[in-house]
Amino acid sequence: MAAINLPIIDVSNPHDPSVGKAMLDAAAKYGFLYVASQSTDFSAEDVERAFGLSKEFFASPVDEKAACRITPNNRGWSGMHVETLDPEHQRTGDFKEGMNFGEFTGGKAQQLLPPSLSPHEATLSNFSILCRKTCDRILTLLALGLQVHPDFFTTRHDPIHGPSGSILRFLYYPSLTSPATASYKHDEDVRAGAHSDYGSITLLFQRPGQPGLEILTPEGEWAGVPVEPNQSSQGQEQGQGKDGRFAFPPILVNIGDLLSYWTDGLLKSTVHRVVFPLSEQRAENLQDRYSIVYFCHPVNTTELVPVPSKIVDSHRKERKESQGDKVGFGGGAGYLVPGKRALTASEHLQARLAATYTY
């Protein structure tokens, strides 16, 4: 299986229309792209510290984690096999643990934190803030690419307008040497089932040497996504250091369902999964996998109505000509609630969560 070659985009200037066009092209073609690490507000120390906290949390006693068990508001700890991202095709739940943090208010978590994390509340809050700042840059550039007002998306994600479903998430995938994977079946089980993300955009932070993410291509084939893309062809203009390496691996960004709905499918919410790499299945590289994810969501009351973009209008017209009058905004009337009003961001999220978790 070949690895896919995704562009690496410098977001240091979120008001550059040419960068907005490049980001729009990548989002429309792949639904995935990299953001150069050095073009964000993160330092390598910020990322290392967050991964350190994640590892410490997942190594803590089960009873401490269970005291913060995930609830219907999507905050808290989910244990092994609790989440099933592809229930139609999975024989068992995902081979992973997760810890979800909702929005922080005034630097304070709005949920119970376990003993391993409660002393680091300010660090977690700061990392969440940096994630949101990066998302704002990306959303601004996408608005420029769509030729709408630069603030079209960011104002609808601004916490001053109310709460949202945005989540900072720590993830732990045990290796095949772990007792937690004793029930694993080759060619049947995955670490995270095939799914698309629920929100607007997702940021993914990964560790070098810990692959496993795959995306479903338009041809219906699974393609691996490298943790560290081919840097030699990207150059220092994409955020590379003088030593030829990034400060930390580029942040992988993907489009979620809500942004796809907003643009009537122009931007791709691509299906993806996390597998046990072949090297691990062959016992060549047995190790745990850690990742950090930030799921960016609009304010809960945001209605999923078409973006007022001529580019989206043109895309919609092309879809209608090729597929007929049955085509509606977002792909069909399923994205309207009874009474024909637009679905809200919160309504969509709750429906997806209900299908994913058994609380």
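Because the structure is a prediction, the values reported are computed rather than measured.

Cut-off values and rules
- Residues numbered from 1 in each chain as written.
- Predicted model: local features only at pLDDT ≥ 70, side-chain atom pairs only at ≥ 80, totals over all residues.
- Heavy atoms only, no water.
- Helix = DSSP H or I, 4+ residues; strand = E, 2+ residues; numbered from the N terminus.
- Buried < 20%, exposed > 50% of the residue type's maximum accessible area, 1.4 Å probe, protein only.
- Polar contact = N/O pair within 3.5 Å; in protein donor to acceptor, adjacent residues only side chain to side chain.
- Contact = heavy atoms within 4.5 Å.
- pLDDT = per-residue confidence, 0-100.
- Phe/Tyr/Trp six-rings, centres within 6.5 Å; stacked < 30°, edge-to-face > 60°.
- Lys NZ or Arg CZ within 6 Å of the ring centre and 35° of its normal.
- Pairing = 2+ DSSP bridges.
- Salt bridge = Lys/Arg side-chain N within 4 Å of Asp/Glu carboxyl O.
- Axes fitted to C-alpha atoms, helices over the stretch in contact; angles between N-to-C directions.

What am I meant to see in the side chain of Ser39 here?
In this fold, Ser39 is placed in the loop between β2 (32-35) and α2 (44-58). Exposure remark for Ser39: the relative accessible area of 4% places this residue in the buried category. Of the polar contacts made by the side chain of Ser39, one reaches the backbone oxygen of Ala36; its length is 2.7 Å. When near neighbours in sequence (up to four residues on either side) are disregarded, Ser39 contacts Ile9, Asp10, Val11, Ser12 and Arg137.

What is the right way to read the confidence of the model for the chain from this model?
For residues with low pLDDT, the predicted coordinates do not support detailed interpretation. On average, residues of the chain score 88 in pLDDT, and 89% of them reach the 70 mark or higher. Scored below 50 in pLDDT, residues 232-245 makes 24 contacts in the model with residues more than four places away or belonging to other chains. Low pLDDT, under 50, characterises residues 326-334; the stretch is placed with 18 contacts to residues that sit more than four places away or in other chains.

Help me understand the packing of aromatic side chains, please; the structure alone is not making it clear to me.
Both the distance between ring centres and the angle between the ring planes are used here to describe each pair of aromatic rings. According to the stated counting rule, one finds 13 aromatic pairs in the structure shown. Ring centres 6.3 Å apart and planes at 65 degrees place the aromatic pair Phe152 and Trp262 in the edge-to-face group. On the criterion of sequence distance, the pair formed by Phe152 in helix α5 (residues 152-155) and Trp262 in helix α6 (residues 257-262) is long-range, its members being 110 residues apart. In this structure, Phe152 and Trp262 share a single accessibility class: buried. When the ring centre of Phe152 is taken as origin, the NZ or CZ atom of Arg156, which lies over that ring, is 3.9 Å away. The ring of Phe51 carries the charged tip of Arg207 above its face, separated from the ring centre by 4.0 Å.

I tried to follow unusual backbone geometry on my own but got confused; where do I start?
Of all residues except glycine, most have a negative phi; of all peptide bonds, most are trans. Of note in this structure, Asn74 is not a glycine but carries a positive phi near 70 degrees. Along the chain, the position of Asn74 falls in the loop between α3 (62-66) and β3 (76-78). With relative accessibility at 8%, the residue Asn74 sits in the buried group. Phi is positive for His81, close to 70 degrees, though the residue is something other than glycine. With respect to the secondary-structure elements, His81 resides in the loop between β3 and β4 (97-101).

Before we go on, may I ask you to explain the pairing of strand β14 (residues 289-296) in this structure?
Consecutive residues of a regular strand have side chains that alternate between opposite faces of the sheet. With eight of eight residues buried, β14 lies mostly within the body of the structure. Residues Arg289, Ser291, Val293 and Phe295 of β14 are buried on one face, and the alternating residues Tyr290, Ile292, Tyr294 and Cys296, pointing to the opposite face, are buried as well. As judged from the seven bridges shared by strand β7 (residues 167-173) and β14, these two strands associate in the antiparallel manner. Note on β14: the bridge partner recorded for Tyr172 is Tyr290. When strand β9 (residues 201-206) meets β14, the two strands line up antiparallel, connected through six bridges. In the strand pairing of β14, Thr202 is matched with Phe295.

What exactly am I supposed to notice about the pattern of salt bridges here?
Close approach of charged atoms allows side chains with opposite charge to pair. Counted according to the given criterion, the structure contains 14 salt bridges. Note that Arg169 and Glu83 form a salt bridge whose closest N and O atoms lie 2.9 Å from each other. One end of the pair, Arg169, is in strand β7; the other, Glu83, is in the loop between β3 and β4, and 86 residues separate them in sequence. According to the relative accessible area criterion, Glu83 is buried, its value standing at 6%.

Help me out: how do you make sense of the sheet that holds β2 in this one?
What holds strands together in a sheet is hydrogen bonding between their backbones, with the strands either parallel or antiparallel. One open sheet accounts for eight strands, arranged β1-β2-β12-β9-β14-β7-β4-β3; its pairing is mixed. The open sheet terminates on both sides in strands that have one partner only, identified here as β1 (8-9) and β3. Looking at chain direction, β3 and β4 are connected through three bridges and run antiparallel. Bridge pairing in β4 places Gly76 opposite Asn100. The strands that helix α1 (residues 17-29) touches are β1, β2 and β12 (251-255); relative to β2, the one it contacts most, it runs at about 140 degrees.

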